[in-house]
Each structure stands twice: as C-alpha cells, then as structure tokens.
Amino acid sequence: MMQRLRIGVHGCVQGVGFRPQVYQLAQRYRLTGWVKNTGDGVVIEVQGVQTQAFLSTLRRQPPRLANITDMTVESIVTVEGEADFQIIMSDATPGSAQMPADVAVCEDCLRELFDPDSRFYLYPFINCTHCGPRYSIIHRLPYDRQHTAMAAFPMCDACLTDYRNPHSRRYHAQAIACARCGPQLSLSIEQVARQIQAGQIMALKSLGGYQLIADARQSTVVNRLRHHKQRMDKPFAVMMANMAAVSQVAELDDIKRQQLSSEQRPIVLLQASAPYTTHIAPELNRLGVMLPYTPVHHLLFHYLGDDCVLLVTSANDKGQPLIIDDDQAHLQLHSIADGIVSYNRPIVSRVDDSVVKVIDERAIFIRRARGFVPDPIELSHTVPSVLALGGHLKNTICITRDNEAFVSPHIGDIDNAQTIDVLHDTIERWLNYLAVTPECVACDLHPDFYTTQLARQLGKPTQAVQHHHAHLAAVVAEHQIQQPCLGLILDGYGYGEQGEALGGELLLYQAPTVEHLGCLRPLPLPGGAQAAKEPWRMGMSVLQQLDKLTDVLARYTHQPLAAQVMALLQQQLYCPPSSSAGRLFDAASSLLGVCHVNRYEGQAAMRLESLVTEPVVLTEGWRRTLTQLDVLPLMAHLLHCDSVTGANVFHGTLAAALADWLLLWARQSCVNLVVLAGGCMVNQPLVTALRAHCQQAGLTVLLPERLPPNDGGLCLGQAWLAALKRQ
Ligand SMILES: [Zn+2]
Ligand SMILES: [Zn+2]
Ligand SMILES: [Zn+2]
C-alpha cells in the first residue's frame, strides 16, 4: 500500500553520512521524498510501497558513526507527482542537534591517498563522509560546509561532481577537498620529513592545534626539546606507523589494539620497552603511544619509513593552552621549533589528544578530548539545564540539555590568563552551539577558585558543590545509578565544607544528597601547598607522626630545608592537616627514596607505581574505625624496605586496607554498590587490587568510563548534583 512517512531523527546524525545513507535506502526501496538536516537533527519524508522496510533497515543499520537517541514516525498525506528522492537544503533553526566528533582518516581514504591513479594521491587533507575533521572545524549547526572552516574553499568541478553523486563515497561530504580546491600545507611533507630526519624539531599544525614533532629515537633532539619546553622529566607521547610497529615494543591485548586503532585514536599508555623509552618517559614503565590519525601523519611515515618513531606533543608554552592561531604559533614557537608548518584553514575549536590507560581490560580516560568531544553523556532523566564550571586543575565544563550532559574538551589548569580566555571562549561557544539558557551555574566550594568567582558573576543562581561529592556524582550520573552507593574518592586536594584540605574520603550517595562517612588519617602538610610539589616534606611529615624525628635528618640530608621543615612540624606551624591520598603516595615515594620532588604533577606516585611487580598485603599495616582509616603502620614498615618491595607492599596493603574499610561500611549501611573516583584511580595496581578485594567480598564496583576519574570529570558531578537540587 502506498504510504508517506515523516521521520524525525535525533542524536548525533549530522556529519556522519546520514543523509547519503538515507538516500541510498530510499533508492533501494524505490521511495520518493526528501531528507534534510535541521537544528534538531534530520527530517525525512518517504513515500512508496516499501516505507516500512525502509524504516526497519534504517533502525537496524544506521551509519557507523551515527548515534540515534530518538526517532519519531508519523504517517502523513501522500504527495502527488513527486518523481524522485532528494537531499534538500538544511533548516538553519537552532535546536537540539549534536555536533559530531573528529574522526581518524578511514581505510578507503588511505588507499586513495597512496594510489597514484587517484586524484587525491598524496593530498594531505583527503577525507570522506566517514572520516576527517568535524568538531574542530564546525562553527555552528546544521553541519553544512558554509558553517565550517571549509566555507572559504569553493569546490572544484571534480569535487562538486563527487559531492552531488549519490554513488560516490563523498556524496554530501561537507569537508570534501582535493589538491585543486582544498587547504594547502605551507611546506611539502617530504621536506618536513627530511628536516625531522636531520634531527630538527618541527611545529606542525594538526587537527586540533599545533604539535611539536621530532624523531623520538634521537636522544639529542629529545633533550633539546625538553630544554626548550622546560619539561625535563615529564613523559612525552610517541606516534608509531602501525600496529606491527607498536607490537614490537609493547605487549598488546585485544582491548589495547582496539583502543589504538579506534576511530578516536587516543594516546594509549602501554608497558613498552625500547631503547628510546628512557629519554621519552624517564623512570616510568609506561609509554604513551598513538597511531597516525590524520593523512598528514600517514604521509610523514610514508617518507620516514615504518620503523620511525615520532615524538608528538602539543606545541605550547608550559601550562598554556594548545596553540591554534597561526600568528600566535609564529610568535610563540620560533624559539622552540626549528620550523613551523601551517595550512590555510583555520582551526575553529582547539582539541588536545585524548589519553587512555587500560586497567582490568577497560579503558580509563586520563584526558578526554579529540575524538570523544562533543559526544554527550546520557543521563537517567531530563534535568534542568545547568552550566558547571569544573575545578581549578585539568578544567573542563559541562552543560546539561534535557537528559544529556555535554562535557567540553580538556581546557587546562586555570592559573594563567590564556587558559582563562579559553575557558570563557568555551563557555560562550558551547552555550551557543547547544542553544540552551542554563537555569543555574555550578562550581566548586573553594571560594578562591577563578571558576567560583566567575560563577557568581554570571547573573544566575549558583550552586557550590564540594569537590569529592562532585567526583562521586560524576560516576553516578554517567552510570545512571538509581540506588544508594558508597563512594571512595582518592585525590590530591579538595576544599572541604569547613575549609579543610581533603583528598581521601569515604562518602554515601543517596539522591540528592552526599553524606561524609570518613577519611584517611590526616597528615600535616609542612608548608601547605608546597608539600604537594615536594614529596620529601610528606616523608618528613610521616616520620614526625611516627615519632621518628631523629630519623629525619639522617634520611633528608640531601634537602637543604630539612631542618627548617622539621622545626615547622615540631611547632605545628604552617602545617595544615590533610586527608589527601595523593600526599600519602608522595610520602611513600619519598620514604622509599624513589622521588623527593615532583617536577610534574603526580610524578612521585607514577614512578612508585612503575616499580610495582606483584602487590603484597601487610596484614598488620592498618587500623580503622568507622570514620578513619590509618595506614601509619604500613608507612613505618616502608622504612625498612627497598624501593621495589616497598612499592609492592604499599600498593597491596593500601588496596586491602581500603577494601576492608569499604566492607565495614557496606555492612553498616547495607549498601553493596561502590564507586571509585579521584585522580589516584588511574593507578593500575591500586585499582586492580581494590576492585578484586571488593568483588571477592560481594561488592559491585563502578569506575568512571566516559570521563576521567581525575578533575577532568568533576564538572559532570557538579552539574548532576546542582540539577537534582533544582528539581
Ligand atoms: Zn574517509
Ligand atoms: Zn577539489
Ligand atoms: Zn579531584
């Protein structure tokens, strides 16, 4: 029977080859009608005898990159005299459509890239309906070429023909470009490759910002880059040509392979051994590795050879945002790089590389950005719209719209004017793109954070959310947890409700409130914030708590300020107490002689983690009450250990102690669901052992999966709690 259907499709359905796929299906089922993008997604009208078959195929086989959240179907009056099916002009009305994320270059495009007969042969900006830049080049929705950075590049005849040809892979590919009509690099890749080979540092404009690229195998150039970037110890990431090259230096299982080769192409932390790892990731057993994700990267390996290993790092001054502007690149990078290579298409939105680590066969985010933003996180129900400004470090922002939460890419540490500019820009751009007016603004409880002050200036009701409550709530929101749960948050620093310094907290979530149950035994932080930079101070703090101050001077002769810090500890001057788990890791690292000064955030803990071979439990290593877990006996034991034994005992015992404490509370509260979050939950031996203990005891354990457990995920928890309060 002849029928006409009007179908509304919502979700991530633009920039993913949706309309071309609808066109093909309409052809297959001999239907007439049209499809168009709107501010809300895609609208389709189909008419013919096989409309139901069309509908069920579309439901079963949507385009690979699409994410349909909702589909409405209504039967409408048939139209006389319609001859064919067409893709028609988009509606520019703002609505609820979603921006697609950037996608690594696909296999089909790679084949053409290296096919001498293809008109895209060696063209560095080749893309198609299924791959290429999206989020980083889109100004606004609907996703049409004129709303992207490609607007300045009129298509040549060949590209226009492909664009209009329903049988082409580039039918309605908005970013279609070729050497005749598309963006151009300022220097040939062959030349760039030659300079890299000669030991030069090249600044290269990539997908989401400028990157510094050098030959990772040449220690002299790596050291030169470290000096230029004032980044002496911090690990760099490397890019390898293909999976075969990676498998030569690292053990790969299915999940690691899947992460490495996913269309998001994150940096994956791998236990790798190769001669260059010592200067790329000093004193660490993990190396950040990624596979090429743009045609430019593939072309580099084409000229450099598959055995080349590239150091790839964001091109910016220490602590500053990723550079996307060409003029700024020339101003800031000429002292760091030997050459700057640009192209004549602007980057609309900066987006860093994403970083993941695989723990217990699951990928955990260290940083969530390219490839994953702006994909929303689905919430359990529709909530009032909230803008959440995140924390001070690893800042991201979150905006809720209906039953979805949109979390921005990594913005950075809010401690300099440039990053603050990026924060403001992101807020404005995202509110615009999502077309919502938030009812309230959520922020951290810390009165001095820039984000807290900004929240107050935005002219809307504000909701301050305690740091660790937000960590817990982020996991609750992500996993759509509906029942009460315990939250163990292990972290560096969060401002408590009485202004105290917290970071090792046990909480109970019962919507919409979070109750504080207990904390790690607080330790004095000699010199306050300085103690976070200098783990040796925490080592001394532990010795003082153990009443072993006489040990101090013997152990810390290498620290010129040891005597002064000892005096502070004795007089309890400038020694605020803190339950921070991060500082406990610092203390252990220093007492074992592993790391006394953090040259980058988390260094002491990361180096300690790298030493773990097989965690060991010291059964008499802890004491606990309901409200406090005290691991001082464990710390006393470390004084007699070598570094590897100590690392094993520290991680094994801490995990067992935390599980024991959790189990006590699980029995007490009749709650058997446990959430683990906070920056320490990227520690593999700790998480693996803690999860195993909890599961053995019958508890269910959840960790963040869509956002990092660190402060990069904080904003979602702020938004969730603020939204619940407003309801
Ligand atoms: Zn492609
Ligand atoms: Zn062209
Ligand atoms: Zn935190």
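Residues numbered from 1 in each chain as written. Chains lettered and ligands numbered in written order. Predicted model: local features only at pLDDT ≥ 70, side-chain atom pairs only at ≥ 80, totals over all residues. Heavy atoms only, no water.

## Points about the overall build of the protein
1) Next: The helix and strand tally for the protein stands at 24 helices and 29 strands.
2) Next: Its C-alpha atoms give the protein a radius of gyration of 27 Å, within 12% of the compact-globule value 27 Å for 727 residues.
3) Next: With the C-alpha coordinates of the protein rotated into their principal frame, the extents come out at 95 × 60 × 45 Å.
4) Next: In the protein, which comprises 727 residues, the proportion classed as buried is 62%.
5) Next: Relative to all contacts within the protein whose residues are 6 or more apart in sequence, the contacts with residues 24 or more apart total 71%.
6) Next: About 27,600 Å² of surface is accessible on the protein, with carbon and sulfur atoms providing 49% of the total.
7) Next: Averaging the positions of the 58 positive and the 67 negative side-chain charges in the protein gives two centres separated by 2 Å. (Helix = DSSP H or I, 4+ residues; strand = E, 2+ residues; numbered from the N terminus. Rg over C-alpha atoms; globule rule 2.2 N^0.38 Å. Buried < 20%, exposed > 50% of the residue type's maximum accessible area, 1.4 Å probe, protein only. Contact = heavy atoms within 4.5 Å. Areas by Shrake-Rupley, 256 points an atom, 1.4 Å probe, with all protein chains shown as cover. Lys, Arg positive; Asp, Glu negative; His and termini not counted. Charge placed at Lys NZ, Arg CZ, Asp CG, Glu CD.)

## Some details on the sheet that holds strand S19 (residues 440-444)
1) Next: One open sheet accounts for 6 strands, arranged S15-S18-S17-S16-S19-S20; its pairing is mixed. Two strands in the sheet have a free side with no partner beyond their single neighbour: strand S15 (377-378) and strand S20 (462-465).
2) Next: Sheet topology places strand S16 (residues 386-388) next to S19; 3 bridges connect them, and they run parallel. The residue bridging Val 386 from the neighbouring strand is Cys 440, located in S19.
3) Next: Here helix H24 (residues 714-726) sits on the sheet and contacts S15, S16, strand S17 (398-401), strand S18 (404-407), S19 and S20; the angle it forms with S19, its principal contact strand, is near 130°. (Pairing = 2+ DSSP bridges. Axes fitted to C-alpha atoms, helices over the stretch in contact; angles between N-to-C directions.)

## Quick look at helix H16 (residues 535-545)
1) Next: Counting buried positions along H16 yields 10 of 11 residues, so the element is predominantly enclosed.
2) Next: Those residues of H16 lying buried are Pro 535, Trp 536, Arg 537, Met 538, Gly 539, Met 540, Ser 541, Val 542, Leu 543 and Gln 544.
3) Next: Just past H16, the residue Asp 547 takes up positive phi, approximately 65°.

## So, helix H11 (residues 326-333)
Think of an α-helix as turning once every 3.6 residues; residues three or four places apart then point the same way.
1) Next: Here H11 has its buried residues at Ala 329, Gln 332 and Leu 333. The arc enclosing the buried residues of H11, seen along the axis, measures out at 85°, which places them on a common side. Set apart from the buried face of H11 by more than 90 degrees, the exposed residues are Asp 327 and Leu 331.
2) Next: Close packing links the buried residues of H11 with strand S6 (202-205), strand S7 (210-215) and strand S12 (339-341). (Arc of directions from axis to C-beta.)

## Things to note about the coordination of the zinc ion (ligand 3)
1) Next: For the zinc ion (ligand 3), the full set of protein donor atoms is His 467 (NE2), His 471 (NE2), Asp 491 (OD) and Asp 711 (OD), and the range of their distances to it is 2.0 to 2.2 Å.
2) Next: Of note is the zinc ion (ligand 3), whose 4 donor atoms meet at the metal with angles of 89 to 163° in an arrangement that counts as irregular.
3) Next: In primary sequence terms, the donor set of the zinc ion (ligand 3) follows H-x3-H-x19-D-x219-D. On the criterion of sequence distance, the pair formed by His 467 in helix H14 (residues 467-478) and Asp 711 in the loop between strand S29 (700-702) and H24 is long-range, its members being 244 residues apart. Just as His 467 is buried, Asp 711 falls in that class too. (Donors = N, O, S within 2.8 Å, 3.2 Å for Na, K, Ca; no water. Tetrahedral: all angles 85-135°; square planar, octahedral: opposite > 155°, others 65-115°.)

## Considerations on the sheet that holds S12
1) Next: Spatial ordering of the open sheet is given by S12-S6-S7-S11-S8-S10-S9-S13-S14, a layout of 9 strands whose pairing is mixed. Looking at which strands have only one partner, the edges of the open sheet turn out to be S12 and strand S14 (362-367). Across the sheet, the axes of successive neighbouring strands diverge by a mean angle of 35°, strand direction being ignored.
2) Next: Strand direction decides the pairing type here: strand S9 (residues 267-271) and strand S13 (residues 355-359), joined by 3 bridges, are parallel. Within S13, the residue paired with Leu 269 across the bridge is Lys 357.
3) Next: Running over the sheet, helix H23 (residues 684-696) touches strand S10 (286-290), S13 and S14 and is turned about 40° from S13.

## Some remarks on the pairing of S14
1) Next: Examined bridge by bridge, S13 and S14 share 5 bridges and lie antiparallel to one another. Paired with Ile 359 across the strands is Arg 362, a residue of S14.
2) Next: In textbook terms, the turn of a hairpin is the stretch between consecutive antiparallel strands, and for S13 and S14 this stretch comprises 2 residues, one of which, Asp 360, has a positive phi near 50°.

## Examining the environment of Tyr 210
1) Next: Within the secondary structure, Tyr 210 sits in strand S7.
2) Next: For Tyr 210, a relative accessible area of 0% translates into the label buried.
3) Next: Side-chain polar atoms of Tyr 210 contact the side chain of Ser 342, separated by 3.2 Å. (Polar contact = N/O pair within 3.5 Å; in protein donor to acceptor, adjacent residues only side chain to side chain.)

## Structural notes on the side chain of Thr 51
1) Next: Looking at where Thr 51 falls in the secondary structure, it is placed in helix H2 (residues 51-60).
2) Next: Judged by relative accessible area, Thr 51 falls into the buried class, the value being 0%.
3) Next: For Thr 51, the residues in contact, after removing those within four places along its chain, are Gln 3, Leu 5, Leu 31 and Val 46.

## Examining the state of the cysteines
1) Next: On inspection of all chains with the given rule, the structure shows 0 disulfides.
2) Next: You can see Cys 12 has no disulfide; the closest cysteine sulfur is in Cys 131, sitting 15 Å from it.
3) Next: On the basis of relative accessibility, which here comes to 5%, the residue Cys 12 falls in the buried class.
4) Next: Of all cysteine sulfurs in the structure, the one in Cys 694 sits closest to Cys 485, which takes part in no disulfide; the separation is 13 Å.
5) Next: Among the residues examined, Cys 485 registers a relative accessible area of 0% and is labelled buried. (Disulfide = S-S within 2.5 Å.)

## Overview of the coordination of the zinc ion (ligand 2)
1) Next: Within the protein, Cys 156 (SG), Cys 159 (SG), Cys 178 (SG) and Cys 181 (SG) serve as the donor atoms for the zinc ion (ligand 2), at 2.3 Å.
2) Next: Coordination at the zinc ion (ligand 2) is tetrahedral: its 4 donor atoms span angles of 101 to 119° at the metal.
3) Next: Mapped onto the sequence, the residues coordinating the zinc ion (ligand 2) show the spacing C-x2-C-x18-C-x2-C.
4) Next: Assessed through its relative accessible area of 9%, Cys 181 is described here as buried.

## A short note on empty space enclosed by the protein
1) Next: Going through the model one piece at a time under the given rule, you end up with 7 cavities of 30 Å³ or more.
2) Next: In this structure, the largest cavity encloses a volume near 190 Å³.
3) Next: Counting only elements with at least two residues in the lining of the largest cavity, the list comes to S6 and helix H10 (295-304).
4) Next: The element that contributes the greatest number of residues to the lining of the largest cavity is H10, accounting for 3 residues. (1 Å grid on protein atoms, 1.4 Å probe; cavity = no way out; pocket = protein on both sides within 12 Å on 5 of 7 lines; lining within 4 Å. Points joined across faces, edges and corners; volume = space filled by probe spheres on them.)

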